[in-house]
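For reference, the chains in residue letters:
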Amino acid sequence: MRHLAISLIILAVLSGCYVYADDFFDNYTGIDNAWDNQKPITNDEFEKAIDTLTAKQKKKEEKARKKKIKKISGGGTSLHKGLEPTSEILKQESLNDKGDIEGRLLNIPVDVIVDGKILEKGFYNVYGEKASNNEIVLSLYQAHNLMGKIKGYPTKEDYESEDIDFVKITPYNDNYLKIMFGSLKFNAYGYLRYIQQAD
């Protein structure tokens, strides 16, 4: 009896699958003729479809870019004009042929004589320039005031500096200090006569 019940269940399941499969394949009788009535696509329609897809991709990329900018900048705007995260980065001003845009800060520890004037010890911005006759001039400034100029002598020596842009000073002899200047354009040295302090 048990074998008969199991056989009837298996027979019922198999007959149901057959009926279901027969209905499934009846829906696909015209599959061989499916491509017969297709409409051809023109180049313009194809390009419009591609443009639509790329526009969606560009929107996604722009959204991701804005999300990254917001993550970096915190989503706010800068207090300084022109530094907003969405503004274009302007080209940096480069060095000109005559010299540097910014000077290098130098601490002169003693009073020196430049152009017949006494310059007190202190901090000076040193600018290196090539004159029209290719001579090098090292200019000493305090704030925006030119305090004096000394003649520079070109050299290939880097004076063991780790930086390309540098200015150093060292004693040369009992009367002079040697100033060493380095930039992207040239390296040079010059001499400053100093006033010996009475002890």
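Use the structure listed above.
To start, this report covers the structure provided alongside it. This is a predicted model, so every value here is computed, not measured.

Topic: a positive patch on the surface
Then comes step 1: On the surface, a cluster of positive charge is contributed by Lys 63, Lys 67, Lys 68 and Lys 71.
Then comes step 2: One can find Lys 67 in helix 2 (residues 43-73).
Then comes step 3: Classification of Lys 67 by relative accessible area gives exposed; the value is 63%.

Quick look at the environment of Arg 193
Then comes step 1: By the element assignment, Arg 193 lies in strand 9 (residues 187-194).
Then comes step 2: Between the alpha carbons of Arg 193 and Tyr 176 there is a distance of 4.4 Å; along the sequence they are 17 residues apart.
Then comes step 3: Aside from chain neighbours lying at most four places away, what touches Arg 193 is Val 112, Ile 113, Asn 175 and Tyr 176.

Thoughts on the environment of Gly 103
Then comes step 1: Secondary-structure assignment places Gly 103 in the loop between helix 2 and strand 1 (104-108).
Then comes step 2: Relative accessible area serves as the criterion here: at 21%, Gly 103 is assigned to the partly exposed category.
Then comes step 3: Taking C-alpha positions, Gly 103 is 9.4 Å from Phe 166, a pair spaced 63 residues apart along the chain.
Then comes step 4: Apart from the residues within four sequence positions on either side, Gly 103 is in contact with Asn 125, Val 126 and Tyr 127.

Quick notes on the nonpolar core
Then comes step 1: Core analysis: the largest hydrophobic core is formed by 20 residues, its most contacted members being Val 112, Val 126, Leu 140, Ile 179 and Leu 192.
Then comes step 2: Within the residue set of this core, elements represented by two or more residues are strand 1, strand 2 (112-114), strand 4 (122-130), strand 5 (136-142), strand 8 (176-182) and strand 9.
Then comes step 3: Residue contacts for Ile 179: discarding those within four places in its chain leaves Leu 106, Val 126, Leu 138, Leu 140, Ile 150, Val 167, Lys 168, Ile 169, Ala 188, Tyr 189, Gly 190 and Tyr 191.

What to know about a nonpolar patch on the surface
Then comes step 1: On the surface, Ile 41, Phe 46, Ile 50 and Leu 53 cluster together into a nonpolar patch covering about 430 Å² of accessible area.
Then comes step 2: Here Ile 50 shows up in helix 2.
Then comes step 3: Judged by relative accessible area, which is 36%, Ile 50 ranks as partly exposed.

A word on the pairing of strand 4
The side chains of a regular strand alternate, residue by residue, between the two faces of the sheet.
Then comes step 1: As defined by bridge partners, strand 1 adjoins strand 4 across 5 bridges and the pair is classed as antiparallel. Within strand 4, the position partnered with Asn 107 by the bridge is Phe 123.
Then comes step 2: Judged from the 6 bridges that link them, strand 4 and strand 5 form a sheet pairing that is antiparallel. Within strand 5, the residue paired with Val 126 across the bridge is Leu 140.
Then comes step 3: The antiparallel pairing of strand 4 with strand 5 creates a hairpin that spans 5 residues between the two strands, and Asn 134 there sits at a positive phi of about 70°.

Quick word on the pairing of strand 8
Then comes step 1: Extensive coverage of strand 8 is indicated by the burial of 6 of its 7 residues.
Then comes step 2: Bridge analysis of strand 7 (residues 166-171) against strand 8 gives 6 bridges, and the strand direction is antiparallel. What sits directly across from Pro 171, in strand 8, is Leu 177.
Then comes step 3: Relative to strand 9, strand 8 runs antiparallel, the two being bridged by 7 bridges. Following the sheet pairing, Met 180 is matched in strand 9 by Tyr 189.

Rules used throughout
Residues numbered from 1 in each chain as written. Predicted model: local features only at pLDDT ≥ 70, side-chain atom pairs only at ≥ 80, totals over all residues. Heavy atoms only, no water. Patch = residues over 30% accessible without salt bridge, like charges linked within 9 Å, V, L, I, M, F, W, Y side chains within 5 Å. Areas by Shrake-Rupley, 256 points an atom, 1.4 Å probe, with all protein chains shown as cover. Salt bridge = Lys/Arg side-chain N within 4 Å of Asp/Glu carboxyl O. Lys, Arg positive; Asp, Glu negative; His and termini not counted. Charge placed at Lys NZ, Arg CZ, Asp CG, Glu CD. Helix = DSSP H or I, 4+ residues; strand = E, 2+ residues; numbered from the N terminus. Buried < 20%, exposed > 50% of the residue type's maximum accessible area, 1.4 Å probe, protein only. Contact = heavy atoms within 4.5 Å. Core = buried A, V, L, I, M, F, W, Y, C linked by side-chain atoms within 4.5 Å. Pairing = 2+ DSSP bridges.

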